[in-house]
Amino acid sequence: MTRCVLVKYGELALKGRNRSRFVAQLRRNLRRRVGSGVAIEQRAGALALVPDDGDTGALLDRARDVLGIAVLHPAVAVAKDPDAACAVAVALLRDHRGSFAIRTRRRDKRFALTSRELAVAVGAAVQRELGLPVDLDNPGRTVYLEVDEREIFAYTERVAGRGGLPVGASGRAVVLISGGIDSPVAAYRAMRRGLRCDFVHFSGEPFTGPESIYKAYANVRNLDRFQGGSRLWIVPFGRAQRAIAAAGAGRLQVMAQRRLMVRVAARLAERTGAQALVTGDALGQVASQTLPNLAAVEDAAPLPLLRPLLGFDKAEIVAQAQELGTFDVSRLPDEDCCQLFSHRQAETRARIDELRRIERAIDVEELVERVAAGAREVRPGGIDEEAAAHAVGAGGAAERPGAPVR
Ligand code: ATP
Ligand code: MG
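Residues numbered from 1 in each chain as written. Chains lettered and ligands numbered in written order. Predicted model: local features only at pLDDT ≥ 70, side-chain atom pairs only at ≥ 80, totals over all residues. Heavy atoms only, no water.

### Some thoughts on the overall build of the protein chain
The condition is simple: Numbering of helices and strands runs from the N terminus; a helix is a DSSP stretch of H or I covering at least four residues, while a strand is a stretch of E covering at least two. Only protein chains enter the calculation, and the probe is 1.4 Å; a residue is then buried if its accessible area is under 20% of its type maximum, exposed if over 50%, and partly exposed in between. Only the protein chains shown count as cover for residues, with accessible areas throughout obtained via the Shrake-Rupley method and a probe of 1.4 Å. His is not counted here, nor are the chain ends, while Lys and Arg score as positive and Asp and Glu score as negative. Charge placement uses NZ in Lys and CZ in Arg. For Asp and Glu, CG and CD serve respectively.
Across its full length, the protein chain carries 14 helices and 14 strands. Taken along the three principal axes of its C-alpha coordinates, the protein chain extends 85 × 40 × 40 Å. Sorting the 406 residues of the protein chain into buried and exposed places 52% on the buried side. Carbon together with sulfur atoms contributes 50% to the accessible area of the protein chain, which is approximately 18,000 Å² in total. Computing the positive centroid from 60 side-chain charges and the negative centroid from 49, the protein chain places the two 2 Å apart.

As structure tokens, this is what we get:
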């Protein structure tokens with residue numbers, strides 16, 4: 001009898017060549033998450049994770065954070081014969097009082113008994129040994145038996161996985177992460193669609209305190225459990241903001257800043273080969289997120305700008321932030337850089353020609369280079385060797401976020 005965790009990926013969306021790529025990525029991600037003391041074995045439509053130390057509880061907790069998994073079962077694997085199936089079912093029901101059911105499935109159709117015959121035989125053994133009543137409609141506990149190629153898996157629990165696609169299956173992106181509620185949730189939704197994410201945070205330093213940096217750092221550290229090896233670039237942005245204000249941006253201040261942010265983020269994306277940017281914009285949520293304003297930022301973005309929260313209500317975003325554990329950090333007070341130099345009446349219909357005029361006045365190309373060069377790279381989740389090896393032109397050692405230079 002071997003204790004293991006059975007991992008099942010949603011099969012519906014997986015066809016043809018995509019499927020093997022998906023499974024290979026899922027295996028790599030599982031390996032990274034669960035460490036070397038666990039064997040990862042391929043079975044028909046499932047992966048069996050077998051911990052050296054037999055601690056399936058701890059293993060389950062870690063494996064649950066791997067994206068692209070539909071359901072997990074803490075399970076035991078036993079020999080592929082009816083007697084072993086009976087014995088394990090009895091063991092799984094020994095502490096149970098009340099009715100039970102046996103559900104069986106054969107992935108190996110050559111097994112001597114049909115699914116039904118196996119269920120009947122095992123049910124009879126349980127009744128004989130433990131005297132429990134069968135109830136197929138509303139059982140107090142169900143023992144699932146899956147006849148696989150080499151063994152029978154038995155379990156009583158189904159633990160929902162997070163679904164989605166394995167991180168990395170869809171490529172790489174750079175997430176613009178503020179200290180706010182939305183952007184960490186946007187990052188999670190992007191990862192859940194298979195994007196490996198690195199992060200950039202613009203701080204108002206030297207004109208603001210370090211609070212927003214710490215919040216971004218803490219949230220990236222939390223989100224790192226879904227992928228490992230996350231980079232966070234901290235970009236001092238205050239002087240660039242001042243230059244925009246000095247060019248007379250007025251009501252367009254925030255929009256001009258946003259355009260500069262996406263340009264700098266795209267510059268940083270070159271360091272990892274990321275092919276898209278991600279923001280926490282939700283349509284119509286605040287003045288800067290009207291359709292004309294989203295279009296005005298898009299106009300400046302050298303890479304596709306993905307907005308996973310576009311159709312979310314605030315309440316939905318908050319619920320997801322709470323589930324992830326980013327909400328309490330995001331709620332802490334900070335001085336968001338966007339508030340610096342902002343006009344009391346923000347433009348809700350930014351005109352792209354006016355924004356371009358401001359950008360000519362500040363020599364935006366040169367400013368992008370200067371701001372990007374000031375980025376400090378940190379690794380909130382620690383260095384991940386494999387992730388580092390996959391990055392293009394990766395550089396920079398792990399460090400803690402420094403206090404801003406005043
Ligand atoms: P959030 O809660 O993510 O801050 P929000 O609803 O407050 O979002 P805005 O402040 O208008 O909206 O920001 C919209 C998006 O722009 C953010 O979700 C984020 O992706 C990006 N952004 C805003 N400020 C910053 C920043 N200081 N650093 C990095 N990205 C930022
Ligand atoms: Mg914000």
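### Section: the sheet that holds strand S9 (residues 171-176)
Here is the rule we go by: Paired strands, in this sense, are two strands between which DSSP finds at least two bridges.
Spatially, S13-S12-S9-S10-S11-S14 is the arrangement adopted by the six strands of the open sheet, whose pairing is mixed. Taken across any chain shown, the strands that pair with only one partner, and hence form the sheet edges, are strand S13 (305-306) and strand S14 (376-378). Pairing geometry for strand S10 (residues 195-203) and strand S11 (residues 232-236), over five bridges, is parallel. In the strand pairing of S11, Phe202 is matched with Val235.

### Description of the site of ligand 1
To keep it simple, the criterion reads: Neighbouring residues are identified by heavy atoms, a residue being near a molecule or strand if any of them is within 4 Å of it. Whenever a nitrogen or oxygen atom comes within 3.5 Å of another N or O atom, the pair is scored as a polar contact, on the condition that within protein one atom can donate a hydrogen and the other can accept it, and that pairs from neighbouring residues in sequence are kept only if both atoms are in side chains.
Neighbouring ligand 1 are 21 residues, the closest being Leu176, Ser178, Asp182, Ser183 and Gln285. Between Ile177 and ligand 1, the recorded distance is 3.3 Å, taken from a backbone N or O atom to a nitrogen atom. The side chain of Asp182 places a nitrogen or oxygen atom 2.5 Å from an oxygen atom of ligand 1. Taking 570 Å² as the accessible area of ligand 1 by itself, protein coverage stands at 91%. Every element with two or more residues in the shell around ligand 1 is listed here: helix H5 (182-192), S10 and helix H8 (253-269).

### A short note on the nonpolar core
Just so we agree on the cut-off: In these notes, a set of buried Ala, Val, Leu, Ile, Met, Phe, Trp, Tyr and Cys residues joined through side-chain atoms within 4.5 Å is what counts as a nonpolar core. Between two residues, a contact is recorded if the distance between any of their heavy atoms is within 4.5 Å.
Formed by 40 residues in total, the largest nonpolar core has its most connected members in Val200, Phe202 and Leu260. Broken down by secondary-structure element, the contributors of at least two residues to this core are S9, S10, S11, helix H7 (238-246), H8, helix H9 (291-300), helix H12 (352-362) and helix H13 (364-373). The leading source of residues in this core is H8, at 10 residues. Val200 has contacts with Val174, Val175, Leu176, Ile177, Leu232, Trp233, Val235, Ala265 and Leu268, leaving out every residue within four places of it along the chain.

### Some points on the confidence of the model for the protein chain
Note the threshold: Every residue is assigned a pLDDT by the predictor, reflecting its confidence on a scale from 0 to 100.
Chain-level pLDDT for the protein chain is 92 on average; 93% of the residues reach the 70-or-more range. Note on residues 391-406: pLDDT is under 50 here. Beyond four places in sequence and across chains, it has 36 contacts.

### With respect to H5
Within H5, nine of the 11 residues are buried, which leaves it mostly tucked inside the rest of the structure. Taken together, the buried positions of H5 are occupied by Asp182, Ser183, Pro184, Val185, Ala186, Ala187, Tyr188, Ala190 and Met191. Phi turns positive, to about 95°, at Gly194, one or two residues after H5.

### Points about the domain arrangement of the protein chain
Threshold: Where each domain begins and ends follows an automated or database-derived domain assignment. Once two parts are joined, some of their accessible surface, as seen by a 1.4 Å probe, is lost; buried area is that loss totalled over both. In the sections that follow, a salt bridge refers to a side-chain nitrogen of Lys or Arg positioned within 4 Å of a carboxyl oxygen of Asp or Glu.
Looking at the protein chain, the domain boundaries give domain 1 (2-160) and domain 2 (171-392). Computed over C-alpha atoms, the centres of domain 1 and domain 2 are 43 Å apart. The interface is formed by five residues belonging to domain 1 together with 10 residues belonging to domain 2. The three residues of domain 1 that bury the most area against domain 2 are Arg32, Asp65 and Leu67, which together make up 80% of that side's buried surface. Applying the counting criterion to the domain 1 and domain 2 interface returns one salt bridge. Arg225 is the salt-bridge partner of Asp65, the closest N and O atoms lying 3.4 Å from each other.

### Here's the deal with the pattern of salt bridges
It is possible for side chains of opposite charge to pair when their charged atoms get near one another. In total, this model carries 33 salt bridges according to the counting rule given. A salt bridge links Glu366 to Arg370, with the nearest nitrogen and oxygen atoms 3.1 Å apart. Residue Glu366 and its partner Arg370 are located together in helix H13, separated by four residues, close to a single helical turn. Judged by its relative accessible area of 37%, Glu366 is partly exposed. Through salt bridges that share partners, Arg33, Asp65, Arg162, Arg225 and Glu323 make up one connected network.

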